[in-house]
Every structure is written in C-alpha cells, then in structure tokens.
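Residues per chain are reported as follows:
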Amino acid sequence: MRRGPQEALERALFREEFPFGPVTRRGFLALGLVSLAACTPVVRRKGVPYVRQPEGVVEGGRREFFTALPHAGFAEPVRVRTYQGRPLFLVPQGEAMGPYPLAGLYSLYDPARKGKAPDWEGFYAAWRRALAQGETLFVLPRTTSPRLEALLQRAQARYPNLRVARFEAWSLENVYRGAELAFGQRAWPVYSPEKAETVLLLDVDLHEHPAGYGWWAALSQRRLPPMNRIYAVESGAGLLGAMADHRLALKPSALETFLLDLAKALGVLPGSPASDYGGFLPALVEDLERGGLLLPGVHLTPAAQALAMAVNARLRAPVAYVPPPEAEPATPRAFLEAEAASRLVWAAEGPLPGLEGKAFAAVLSLYPKAAPYSLPLAHPLEAASPARDAWGRLWPAQALLKPLYSGKSLEEVLAGLLGEGLPGLTAEERRALAEGRPLEEAKPLALEPLPGLEGRLSPLRREASLELTLRPDARLFDGRYRENPYLQELPRPLSLLVWDGALLAGEREAEAWGLLEGIRARERRADPRRPLLRVRASGREALLPLWPLPLLPEGSLVAPSPTSSTPKGRSSPRRSCPRAATTLSSPPSTTVTWARWRR
C-alpha cells in the first residue's frame with residue numbers, strides 16, 4: 001500500500017536509477033554498506049599450523065599412509081593422502097572401494113561430533129557398579145577383529161554378568177546357515193568372478209554384499225575381449241544387474257522357485273524344471289556348463305544359499321570357503337534384546353533402542369546422543385583396529401592422528417574396563433603397513449556337499465500379489481550414514497534420487513493404482529511432488545512416496561530400510577532397520593493404499 005505521492009515519486013526515481021528492479025530504503029542502505037566494504041583493503045595473512053616445523057613435514061607437500069577402514073565390520077584397505085599431517089583424500093589399495101570410506105572423511109572433521117567433555121573414568125566406574133548389580137548387555141556392531149574378540153573373552157571371564165550381543169540390520173547369518181545345510185559346517189564363500197566365463201547374479205547388488213564393489217571391478221575387467229557373459233535374475237534393480245547381458249525380473253517368491261528349477265536342470269536335485277522361463281533357463285544352463293559361477297544375495301534364505309552352493313559345487317566354480325569372519329553373527333535380534341535389557345551399553349551402529357526406564361544406560365557413538373552416559377567413539381582414522389575383509393584376509397590399521405574429541409576405539413573401551421593398556425604395533429604389523437599387504441591370508445576349508453540336500457530344504461515361500469522387500473539404501477546403507485551430507489546428496493543408482501528414499505514399484509503397479517498418469521504429468525511440468533502411499537506389512541506401517549521404476553517385476557515392491565517414515569511424517573529407524581535383514585517378507589496381508597500427494 002502506497003503512503004502518498006512522495007513515496008510514489010521515490011519509487012519512480014529509484015526505478016530510473018535501478019532499472020533491474022525496485023529497491024527499498026533498507027536495500028539501498030545495504031547496497032551502500034556493501035560498496036563501502038568492497039573498498040576496504042584486504043590484508044592477506046598466512047596461517048601457520050605450528051611454530052616449529054615437525055620432522056618429515058614439508059609445507060605444501062603430501063604423504064601417503066596405508067591403513068584399513070571398516071564398513072559394516074569388514075575392512076577396506078586404503079591409502080590415505082595427508083597434507084601437513086591432515087588426512088584429506090583416500091584411494092583404494094587393490095580392489096575397488098565403495099563410497100563409504102571416502103565419505104568418512106567428512107565425519108572425521110564434522111563439528112557435530114563435538115559434545116561434552118567425556119568422563120571416561122566416571123563411565124568405567126558406573127559400568128563396573130552395574131556389572132556388580134546384575135546382568136549388563138553390551139551390544140556391539142559386526143566385528144571381525146581377533147584382538148577385539150580376545151579382549152571380549154577376558155572381559156567376560158572377569159565380569160560374569162557381562163553379556164555380549166552383536167547387532168546388524170543387514171545380517172549374514174543366512175549365508176552361514178546355508179553352508180551348514182550344504183556342507184555340515186558354517187563357512188563364508190569367497191568368489192572369484194574374474195575366473196568365470198559365465199556369471200549368474202541372483203538378486204544381488206554391489207552395495208548389499210561386503211565384496212560387491214570388488215565384484216564390480218572383477219566383472220568390469222572381463223567386459224573386454226575375451227568377454228564373459230553375465231546373467232541376472234533379480235526382484236529389484238541395481239548396478240550389477242544393469243551390466244548383465246541377459247536379465248530376468250522375478251518376484252522374491254519366484255526367485256527360490258527359479259533356483260530350484262536351475263538345480264534340477266543341472267542335475268543337483270532330482271526331477272525336471274517346472275518351466276523354461278521363456279527359453280531363459282536352457283540358455284543359462286548351456287552357458288553355465290562352460291565354466292559358470294552363481295553369485296547369490298546375502299539376504300536369500302538359508303535353503304536358497306545351500307542350493308546356490310550346491311550348484312557352484314556341481315559347476316566346479318571358482319569359489320573357496322573360509323571360516324566365518326565373525327566369531328558370532330550379528331543379527332537384528334540384538335535390537336530386541338537391547339530393548340528388553342535393564343542395563344545396557346550400546347555401541348552398535350544404526351538405530352538407537354529406547355533407553356527409558358533402564359537402571360543403567362550408556363551409548364558409545366561417533367556422534368553425541370541423548371543418553372545418561374554418551375561417550376565418543378574414535379573415528380577409524382583415529383584408531384588402530386585390525387579387521388578382516390570380505391575375502392577373509394586380516395588387514396592391519398594405524399591411527400593417523402590423535403582423536404579430535406577424546407574418543408576411544410572399542411578395543412580401548414574394553415581395555416579401560418579391564419584396567420589394561422593396548423600394546424603398540426608389532427614389528428610384523430609395521431612391515432605390513434609399510435608394504436601395504438595383509439597380515440594374514442584366508443585359510444580355505446576343504447568342504448564337500450553332503451548328500452540328500454533335497455530332504456534338508458525348507459518349503460518354498462508362499463506367493464503373494466504384492467511382495468515387499470526391504471533392502472539397504474545404496475547410499476545411507478542401513479541408516480548409519482544418515483548424518484553424512486556427502487552420502488545424502490549422492491544420487492542413488494538408476495532412480496537418481498537424493499536425500500529421501502521412496503517406495504520403488506513397477507510401472508504396471510502404478511498404472512493399476514491410477515497414479516502413473518498423474519506422476520508423468522507432474523514430471524512434464526517439472527513438479528517434484530509424488531503420491532504418498534501407506535504401506536502395511538507384517539503388522540507394521542510406513543508412509544512412503546511412490547517412484548515408478550520400469551525395471552521392477554510385476555508385484556514386487558522395494559523400500560530402502562533406513563528412510564521409511566511413520567504416518568506422522570517423521571523418520572522411524574527403530575521400526576524399519578531391525579527388520580531389514582528379513583528382506584523377502586511379503587505375506588498375503590501386504591497392502592498399499594494412497595494417502596496424499598507429497599508437498
């Protein structure tokens with residue numbers, strides 16, 4: 001509203017002086033201050049990080065150090081480039097590297113890690129009092145470090161009330177149980193896809209398997225003449241399946257049926273296949289006979305794992321079996337145990353259980369949490385914790401800088417509880433770090449398939465009209481990286497989604513629900529809004545935006561485990577992450593209803 005002719009005249013004069021748009025009085029004053037600031041001379045001062053230059057440090061120069069960084073418990077060997085003592089870049093050592101170690105550089109310098117000054121002695125005293133009063137649950141993530149396991153054994157021997165559990169939303173227990181069905185003992189398969197002429201990818205993607213990025217590099221090397229041939233049978237859509245020469249999209253329940261028919265076609269099981277899948281199965285069998293390998297997803301049932309191992313044994317595939325890298329499998333069941341425990345020390349990654357009403361509760365995490373005792377864990381670059389990789393090799397690690405926020409590694413935490421100190425690097429560890437090699441190679445097991453596998457297999461999964469699969473997110477994994485902006489803004493493969501997750505469904509499902517036409521019309525108008533769907537399965541409910549993806553089979557839905565939300569609109573990792581390992585979970589009661597368009 002104009003206040004009079006004087007203001008109208010001022011507006012006209014300003015419009016003549018500033019033809020690019022109207023300028024208010026406040027804006028004119030700000031423009032004048034900016035002009036004055038531009039005339040201020042700039043004094044350049046050279047920052048010096050130290051007064052006395054340390055030995056071996058050249059200003060402006062860089063150095064490389066070898067270490068191993070863990071992701072979901074498995075070590076990834078890397079070379080760390082430091083500039084004046086600060087780690088600023090990572091490159092892989094040998095096999096391909098996933099995005100998680102490089103993104104970990106952000107969390108190393110993230111100021112959000114800073115909390116209250118930790119009182120470690122007070123925490124140890126309170127923990128010992130809790131152990132004296134009764135059973136105390138200590139929940140760890142997946143661990144593959146022999147030194148950490150030795151410390152755990154000593155701690156449990158000194159404190160009988162210390163009970164240890166291991167939590168991972170994306171468990172590998174089905175692989176170990178599958179080996180027990182096939183060979184009579186638990187084992188971990190180590191595949192060599194670069195040695196196979198034909199590779200069958202059975203519902204697996206590179207971020208879901210600990211060796212997935214190594215498989216990506218090995219398969220890519222064989223895409224040059226003489227080329228290998230890649231088949232993919234999957235219920236979702238991923239980068240490994242996208243590089244396949246032949247692809248078959250099936251619902252999760254149909255995957256086991258296909259694997260059963262494949263075993264029958266190869267003579268692993270008696271009988272004949274129920275279908276040839278449009279000529280896909282005979283062509284696959286013919287190519288597998290010329291030197292094939294089957295790579296199954298870790299989320300498949302133990303029966304499917306056993307069938308895959310029996311098929312590989314029949315094909316004499318390039319696969320070796322080593323002892324399980326975990327002393328005890330990490331499973332989602334540890335989350336429920338933590339909810340029920342009266343005394344809890346939580347050191348796992350991912351969702352945080354409820355801490356209300358507990359006699360003693362402590363959280364060890366990289367970032368400060370709302371807990372009676374919140375203690376900082378050291379960043380992997382601030383700790384020296386050896387661990388095994390997905391191929392069973394034991395890699396050394398070294399701390400490249402002093403903990404920035406007084407954090408401790410899990411080994412240091414246990415040593416502090418015992419009142420001990422950790423030994424320094426041994427001579428062998430120093431040599432291995434200098435040479436960039438593992439401390440110990442994997443020791444293969446001599447295993448032979450047991451007869452009568454068909455009698456030990458569980459019944460096939462029931463088929464449903466809609467089958468929901470919870471899978472780790474390609475960037476946030478099971479939710480442990482939700483505070484890392486680098487991974488949040490990294491586009492997902494194929495869908496190119498950033499930040500938010502979505503319910504992936506085929507175009508036929510979206511068209512049957514009457515939503516596809518509206519989505520495409522909004523895309524043409526550059527409108528990013530998507531319909532929100534209320535998904536009910538296994539007695540739980542989530543509200544997810546719909547994202548149609550043409551590669552998905554009919555009747556198959558895929559949701560990322562860490563980004564599901566409640567109908568109230570807030571993130572709910574506690575409801576989604578612990579069940580992420582039960583990926584083929586679709587009972588007939590799975591329903592999807594439209595809620596509203598997302599704003």
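The coordinates are above.
I will try to describe carefully the structure that is included in this document.

The rules behind these values
Residues numbered from 1 in each chain as written. Predicted model: local features only at pLDDT ≥ 70, side-chain atom pairs only at ≥ 80, totals over all residues. Heavy atoms only, no water. Helix = DSSP H or I, 4+ residues; strand = E, 2+ residues; numbered from the N terminus. Buried < 20%, exposed > 50% of the residue type's maximum accessible area, 1.4 Å probe, protein only. Contact = heavy atoms within 4.5 Å. Areas by Shrake-Rupley, 256 points an atom, 1.4 Å probe, with all protein chains shown as cover. Pairing = 2+ DSSP bridges. Axes fitted to C-alpha atoms, helices over the stretch in contact; angles between N-to-C directions. Parallel < 35°, antiparallel > 145°, perpendicular 65-115°, else oblique. Left-handed = near helix turned anticlockwise from the far one by under 90°. Nonpolar A, V, L, I, M, F, W, Y, C, P; charged D, E, K, R; others polar. Core = buried A, V, L, I, M, F, W, Y, C linked by side-chain atoms within 4.5 Å. Expected span 1.5 Å × (residues − 1). Arc of directions from axis to C-beta. Salt bridge = Lys/Arg side-chain N within 4 Å of Asp/Glu carboxyl O. Phe/Tyr/Trp six-rings, centres within 6.5 Å; stacked < 30°, edge-to-face > 60°. Lys NZ or Arg CZ within 6 Å of the ring centre and 35° of its normal.

## Some remarks on the overall build of the chain
Counting its secondary structure elements, the chain contains 18 helices and 22 strands. Classification of the 599 residues of the chain by burial places 52% in the buried group. Restricting to contacts in the chain with at least 6 residues of sequence separation, those with at least 24 account for 69%. As displayed, the chain has an accessible area near 28500 Å², and 54% of this comes from carbon and sulfur atoms.

## Topic: the sheet that holds strand β14 (residues 373–376)
Spatial strand order, β5-β4-β12-β13-β14: five strands in an open sheet with parallel pairing. A single partner strand is all that each edge strand has here, and the edge strands are β5 (162–166) and β14. Recorded for the sheet is a direction-independent mean angle of 20° between the axes of neighbouring strands. Sheet analysis places strand β4 (residues 136–140) next to β5, joined by five bridges and oriented parallel. Bridging from a neighbouring strand, L140 pairs with R166 of β5.

## A closer look at the sheet that holds strand β1 (residues 62–71)
Pairing within the open sheet is antiparallel, and its three strands lie in the order β1-β2-β3. Strands at the two margins of the open sheet, each flanked by one partner only, are β1 and β3 (86–92). In this sheet, neighbouring strand axes are inclined to one another by 35° on average, regardless of whether the strands run parallel or antiparallel. Bridging between β1 and strand β2 (residues 74–83) involves ten bridges; their strand directions are antiparallel. Residue pairing in the sheet places F65 in a bridge with V80 of β2. Against the sheet, helix α3 (residues 99–109) contacts β1, β2 and β3, and its axis sits at roughly 170° relative to β3.

## Some words on the packing of helix α9 (residues 252–265) against helix α10 (residues 280–288)
A pair of packed helices is characterised by two quantities: the angle between their axes and the separation of those axes. Here α9 crosses α10 at 55°, and the two axes come no closer than 11 Å. Taken together, the axis directions place α9 and α10 in an arrangement best described as oblique. In the crossing of α9 with α10, the sense of the turn from one axis to the other is right-handed. Here α9 contributes F258, D261, L262 and A265 to the contact with α10, which in turn contributes F280, L281, L284, V285 and L288. Looking at the contact of α9 with α10, its residues break down into eight nonpolar, no polar and one charged.

## Considerations on the nonpolar core
Core analysis: the largest hydrophobic core is formed by 76 residues, its most contacted members being L201, V233, F258 and L262. Considering every element that reaches this core, the biggest residue donor is helix α11 (residues 302–315), with nine residues. Contact partners of V233, with chain neighbours within four places excluded, come to L200, L201, L202, D203, L248, L250, L255, F258 and F280. Judged by nonpolar contacts, the second largest core, of 28 residues, contains A126, A130, V345 and L377.

## Details of helix α4 (residues 120–133)
An ideal rise of 1.5 Å per residue puts 20 Å on 14 residues; α4 measures up with 20 Å between its terminal C-alpha atoms. Residues of α4 that are buried: W120, F123, Y124, A126, W127, A130 and L131. Seen from one end, α4 has its buried residues packed into an arc of 165°, which puts them on one side. For α4, the exposed residues set more than 90 degrees away from the buried face come down to E121, A132 and Q133. The inward-facing, buried residues of α4 contact β4, β5, β12 (343–346), β13 (360–365), β14 and α13 (410–418).

## What about the pattern of salt bridges?
Summed over all chains, the structure comprises 38 salt bridges. Note that R492 is salt-bridged to D473, the shortest N-O span being 3.1 Å. With R492 in the loop between α15 (485–488) and β18 (503–505) and D473 in the loop between β17 (467–471) and α15, the pair connects residues that are 19 residues apart, well separated along the chain. Like R492, the residue D473 is buried in the burial classification. Here the salt bridges share partners, and the residues they tie into one network are E168, E349, D478 and R480.

## A look at the pairing of β17
In summary, the side chains of a regular strand alternate between the two faces of the sheet. Within β17, five of the five residues are buried, which leaves the element mostly enclosed by the surrounding structure. Here β17 shows two buried faces, one formed by E467, T469 and R471 and the other by L468 and L470. Here β17 pairs with strand β21 (residues 556–560) via five bridges, running parallel. What sits directly across from L470, in β21, is A559.

## Focus: the packing of aromatic side chains
What characterises a pair of aromatic rings is the spacing of the ring centres plus the angle enclosed by the ring planes. Considering all chains together, one arrives at 20 aromatic pairs under this definition. Between F360 and Y373, the ring centres sit 5.6 Å apart and the planes meet at 45°, which makes this aromatic pair tilted. Here the residue F360 occupies a position in strand β13, and Y373 occupies one in strand β14, the gap between them amounting to 13 residues. When its relative accessible area of 28% is taken as the criterion, Y373 is described as partly exposed. The ring of W120 has K408 lying over it, and the distance from NZ or CZ to the ring centre is 5.5 Å.

## Quick word on helix α14 (residues 427–435)
Every buried residue of α14 is accounted for by E429, A432 and L433. Looking down the long axis of α14, one finds its buried residues gathered within 100° of arc, a one-sided arrangement. In this structure, α14 carries R430, A434 and E435 as exposed residues pointing more than 90 degrees from its buried face. Buried residues in α14 make contact with β1 and α5 (146–158). Phi turns positive, to about 65°, at G436, one or two residues after α14.

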